[in-house]
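A look at the structure
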Amino acid sequence: MRSWSAATFPLAAALLLFVFGLYPLANIMTNGTAVPWYPQALKFWVVIGGGLIVLLLIAARVAGGHMDRLWDRMCSITLGIPSPVFVGAASLFAFAASATFAVICFGRQPHNADEVAQLFHAKILLSGRLSLPPDPNPEFFGMDNMIESSRWYSQFPIGGPALLAIGLLVRAAWLLYPAMIGLTVLALYGFARRIFGEPLARGAALLMALCPFALFVGASYMNHVPVLLFTTIALWQLAVWCDAERAREANRAAALIGLAIGIAFTVRPLDALVVAVVVGVMQITQLRGASHRARSLLPQTLAGLLPVAILMYVNTRTTGAPLRLGYEVLYGTAHQLGFHVDPYGTLHTPERAVLFASKYLLGLDVLLFEWPIPAVLVIGLGLVALRRPGKWDFFLLALLFVQVIAYALYWHDGSFRGPRFLFTALPAIVMLAARAPGLIATATRGMLRRAAQFVLPLAVLFAWTAYGVSNSVPGRVRMYRRGSPVMRVDPDVVARRAGLHNALVFVNEGTPARNQRDLWALGLSKGNAARLMVTASTCAIRLTIDGALQRGESARGAGMDRIIRQAIRFDSAAAHPQACIDFEQRDERGMASFAPFFPRNGITSDGRIGGDVVYALDLGEHNEVLRQRFSNRSWYRFGARTSAGDSLPALTPY
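Bear in mind that the values here come from a model prediction, so they are computed numbers and not experimental data.

Rules and cut-offs
- Residues numbered from 1 in each chain as written.
- Predicted model: local features only at pLDDT ≥ 70, side-chain atom pairs only at ≥ 80, totals over all residues.
- Heavy atoms only, no water.
- Core = buried A, V, L, I, M, F, W, Y, C linked by side-chain atoms within 4.5 Å.
- Buried < 20%, exposed > 50% of the residue type's maximum accessible area, 1.4 Å probe, protein only.
- Helix = DSSP H or I, 4+ residues; strand = E, 2+ residues; numbered from the N terminus.
- Contact = heavy atoms within 4.5 Å.
- Pairing = 2+ DSSP bridges.
- Axes fitted to C-alpha atoms, helices over the stretch in contact; angles between N-to-C directions.
- Parallel < 35°, antiparallel > 145°, perpendicular 65-115°, else oblique.
- Left-handed = near helix turned anticlockwise from the far one by under 90°.
- Nonpolar A, V, L, I, M, F, W, Y, C, P; charged D, E, K, R; others polar.
- Phe/Tyr/Trp six-rings, centres within 6.5 Å; stacked < 30°, edge-to-face > 60°.
- Lys NZ or Arg CZ within 6 Å of the ring centre and 35° of its normal.
- Lys, Arg positive; Asp, Glu negative; His and termini not counted.
- Salt bridge = Lys/Arg side-chain N within 4 Å of Asp/Glu carboxyl O.
- Polar contact = N/O pair within 3.5 Å; in protein donor to acceptor, adjacent residues only side chain to side chain.
- Patch = residues over 30% accessible without salt bridge, like charges linked within 9 Å, V, L, I, M, F, W, Y side chains within 5 Å.
- Areas by Shrake-Rupley, 256 points an atom, 1.4 Å probe, with all protein chains shown as cover.
- Expected span 1.5 Å × (residues − 1).
- Bend = angle between axes of the 7 residues up to and from the residue.

**Quick look at the nonpolar core**
Core analysis: the largest hydrophobic core is formed by 125 residues, its most contacted members being Phe 191, Phe 395 and Leu 426. With 12 residues, the top contributor of residues to this core is helix 11 (residues 224-243). For Leu 426, the contacting residues outside a window of four places in its chain are Met 208, Phe 213, Ala 214, Leu 228 and Leu 368. Judged by nonpolar contacts, the second largest core, of 39 residues, contains Leu 500, Ala 503, Leu 504 and Phe 598.

Dropping the structure here:
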């Protein structure tokens, strides 16, 4: 029975991957709305991927001997390169590619609220504080994921902002995470070499270095990147720990495991808990007859608790309780895992969790490697071909599936240049993909074996060289460059070209952004404000806010219910009042994103927004409340285009 279970586990895992990550389950559940790109991707896989496989099979049939000699030659050349040179080159390429994408695709700027909040929190830390006093004019500097109650700081655990603070300190924050991607390649090589040997280790390292998902996320300021690095280090040291014959070696590896997972916990606690559980179970299975490994769990625990203790101290100073995270300050119990009403008023159900799991795994098919063959299909076929699974096969699958389950239970549908909630499981995903061709080749003969050996090299080559194809690395670069030119605006360049000094710049982010900030200023929670923004029209919310401000109302208690009712009652089909028309016309003249500008603000010695150039949201006539505070500065606006043909906003005197 035990042997039957071990042999069928990979088949069961493959079946789950096919159902959730190849079959469009998410679309079946939502009438095709969850993953709208799937039909087009399916055609791409059938035509391009299918054509590639057919050509390989024909070549294997016609020129089998030549293919065998070519494969042997390729392997000989690859393995003939000294290990330090090979893995160093792969790591350097990953760093350089990710840094290049950061420049050409994203202008080295933050693109979403998570990045912005953590960058500003990093500035708070560099000012010598864990948090700032609330700003006297919070509506001008409000951002998603920032807490602005009794203290001002981000919702994120301290680890992410602390790491970014190091980057800011050396004036190279944009290079920090690309460097971590390069180090991840080194750590993955160390892990793979220990468990599967040199050839597969080189293949896995190369595959990680050529993984577009890893490189594009590495070109951001997202805290998934350091968690990936420390997770991979923990896996590497776990492999060392399992092989340790002496107490000293086991103690050193165990301490590094604990420290790596502990640091990851200070950045993304849920991801770190997933890794800790899977690693812990593996360690328990390796304790029999190895007392030196059992004793090493004490230094592992102590090393892991050190960064956790720092997080608890910071939480006590900011959120008020050692185990209370900033997420809960913003959203309360609605932020927790499980099935309940989420912070935006949507009920998270088991059906929704299944939908999320399917969306995440389907996303890997395209965005993980940009191959013309679905990545999950490659992994699944490798599992089908796996005849004798070992402990590391079970470990890799556990790391992947536990990560999927954990984030299926989480209420938010996370997507950032791919299924970001699976980013921590990349070591397992890449290892399973790298191992699949060898497993398939071993289980087959003749032309199938030859085609299996060459399919991934050709898929990678296609992904990186198919310039005219949208589903490729060049195509994705094109998409990112065309998608958000406003987001790539560099505030330092704007200020330098205009010769700005001692200036206040109002950034016009548009009426929806002004509405959101004003709702916060009235006292609406960020969750309630977000719900209202998708329930009522922009004009209705604007008129409701103006009425509440004129009456001196706040959105607390009965006032909140009245504001929400008034906004929802507005007839969106009715003619818009002149005030709304004025706002719409102003937005049509040009808008900008506040995301690159907000973290550029300096912090004065008393904990206030300051610096040579201060950036604030443009709130129209309400801007005049800042006259006394910033009366000694020159005022400017950034948003309106100077001519209709301009693609970017311009800086103009106020």
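**Some words on the sheet that holds strand 6 (residues 613-617)**
Strands sit in the order 6-3-7-8 across an open sheet of four strands; the sheet is mixed. The open sheet has two edge strands, strand 6 and strand 8 (651-653), and neither has a second partner. Strand-to-strand twist in this sheet, taken as the mean axis angle between neighbours without regard to direction, amounts to 30 degrees. Running at roughly 120 degrees to strand 6, helix 22 (residues 491-498) makes contact with strand 6, strand 7 (634-638) and strand 8 of the sheet.

**Some points on the packing of helix 16 (residues 350-367) against helix 18 (residues 391-408)**
In contact at an axis separation of 8 Å, helix 16 and helix 18 are set at 130 degrees when each is read in the N-to-C sense. By the angle between their directions, the pair helix 16 and helix 18 is classed as oblique. Once helix 16 is placed against helix 18, the crossing between them reads as right-handed. Contact with helix 16, carried on its side by Ala 353, Phe 356, Ala 357, Tyr 360 and Leu 361, involves Val 404, Tyr 407 and Ala 408 of helix 18 and no other residues of that element. Considered class by class, the residues forming the contact of helix 16 with helix 18 number eight nonpolar, no polar and no charged.

**Let's talk about the packing of aromatic side chains**
Applying the stated criterion to the full structure yields 34 aromatic pairs. An angle of 40 degrees between the planes, with centres 6.1 Å apart, marks the rings of Phe 356 and Tyr 360 as tilted. Note that Phe 356 and Tyr 360 are positioned in helix 16 at a spacing of four residues, about one turn of the helix. Taken individually, Phe 356 and Tyr 360 each receive the classification buried, so the pair is uniform in this respect. The aromatic ring of Phe 86 is capped on one face by Arg 202, whose charged end is 5.1 Å from the ring centroid. The ring of Tyr 467 carries Arg 478 above its face, with NZ or CZ at 4.9 Å from the centroid.

**Notes on the side chain of Arg 488**
Relative to the helices and strands, Arg 488 is located in the loop between helix 21 (473-483) and helix 22. Buried within the structure, Arg 488 lacks any salt-bridge partner; its nearest side chain of opposite charge belongs to Asp 490, at an N-O separation of 11 Å. Among the polar contacts listed, one links the side chain of Arg 488 to the backbone oxygen of Cys 105, at a separation of 3.5 Å. In this structure, Arg 488 is in contact with Ile 104, Cys 105, Phe 106, Gly 107, Gln 109, His 111, Tyr 480, Arg 481 and Arg 482, ignoring residues within four places of it in sequence.

**Quick look at the pairing of strand 6**
Among the five residues of strand 6, five are classified as buried, and the element is accordingly described as predominantly covered. Pairing of strand 3 (residues 503-507) with strand 6 involves five bridges; the strand directions are parallel. Residue pairing in the sheet places Leu 504 in a bridge with Val 614 of strand 6.

**A word on the pattern of salt bridges**
Inspection of every chain in the model, using the stated rule, returns 17 salt bridges. A salt bridge links Arg 420 to Asp 114, with the nearest nitrogen and oxygen atoms 3.9 Å apart. On the criterion of sequence distance, the pair formed by Arg 420 in the loop between helix 18 and helix 19 (426-443) and Asp 114 in helix 6 (residues 113-126) is long-range, its members being 306 residues apart. Of the two residues examined, Arg 420 and Asp 114, each falls in the buried class. Two residues, Arg 435 and Asp 393, come together in a salt bridge whose shortest N-O distance is 2.2 Å. Here the residue Arg 435 occupies a position in helix 19, and Asp 393 occupies one in helix 18, the gap between them amounting to 42 residues. As far as the burial class goes, Arg 435 and Asp 393 line up, both buried. What emerges from the salt-bridge pattern is a single network uniting Arg 108, Asp 490, Asp 492 and Arg 600.

**Looking at the environment of Arg 417**
Within the secondary structure, Arg 417 is located in the loop between helix 18 and helix 19. Looking at Arg 417, the relative accessible area reads 11%, which means it is buried. Each C-alpha atom of the pair Arg 417 and Leu 368 lies 9.4 Å from the other, and the pair is 49 residues apart in sequence. Sequence-distant contacts of Arg 417, defined by excluding residues within four places in its chain, comprise Phe 106, His 111, Phe 213, Phe 216, Val 217, Ala 219, Ser 220, Leu 367 and Tyr 480.

**Notes on the packing of helix 13 (residues 269-285) against helix 18**
Helix packing for two helices is described by the angle between their axes and how far apart those axes are. Look at helix 13 against helix 18: their axes get within 10 Å of each other, and the N-to-C directions meet at 150 degrees. Comparing the axis directions of helix 13 and helix 18 gives the class roughly antiparallel. Every pair of crossing elements has a handedness; the one defined by helix 13 and helix 18 is right-handed. Here Leu 270, Asp 271, Val 274, Val 275, Val 278, Val 279 and Met 282 of helix 13 lie close against helix 18, whose contacting residues are Lys 391, Trp 392, Phe 395, Ala 398, Leu 399, Val 402, Gln 403, Ala 406 and Tyr 407.

**Focus on a nonpolar patch on the surface**
A cluster of nonpolar residues, Leu 42, Val 46, Val 47 and Ile 48, forms a patch on the protein surface that exposes about 330 Å² of accessible area. Structurally, Val 46 is set in helix 3 (residues 38-62).

**Digging into unusual backbone geometry**
In most cases, non-glycine residues show a negative phi, while peptide bonds are predominantly trans. Positive phi outside glycine occurs at Arg 108, with the angle close to 65 degrees. Mapping Arg 108 onto the fold places it in the loop between helix 5 (83-104) and helix 6.

**A few points about the environment of His 292**
Summarising the element assignment, His 292 is placed in helix 14 (residues 291-318). According to the relative accessible area criterion, His 292 is buried, its value standing at 14%. Taking C-alpha positions, His 292 is 5.0 Å from Ala 247, a pair spaced 45 residues apart along the chain. Excluding residues that lie within four positions of it along the chain, His 292 makes contacts with Ala 244, Glu 245, Arg 246, Ala 247, Ala 250 and Asn 251. From its side chain, His 292 meets the backbone oxygen of Ala 244 in a polar contact 2.8 Å long.

**Concerning the side chain of Gln 403**
In this fold, Gln 403 is placed in helix 18. The buried category is assigned to Gln 403, whose relative accessible area is 0%. Of the polar contacts made by the side chain of Gln 403, one reaches the backbone oxygen of Phe 421; its length is 2.9 Å. Residues within four places of Gln 403 in sequence aside, it is in contact with Asp 271, Val 274, Phe 421, Leu 422, Thr 424 and Ala 425.

**Focus on helix 19**
An α-helical turn contains 3.6 residues, so a residue and the one three or four places further along point in the same direction. An ideal rise of 1.5 Å per residue puts 26 Å on 18 residues; helix 19 measures up with 26 Å between its terminal C-alpha atoms. At Ala 436, helix 19 shows its largest bend, some 30 degrees, and a proline, Pro 437, comes one to four positions later. Helix 19 sits mainly inside the fold: 14 of its 18 residues count as buried.

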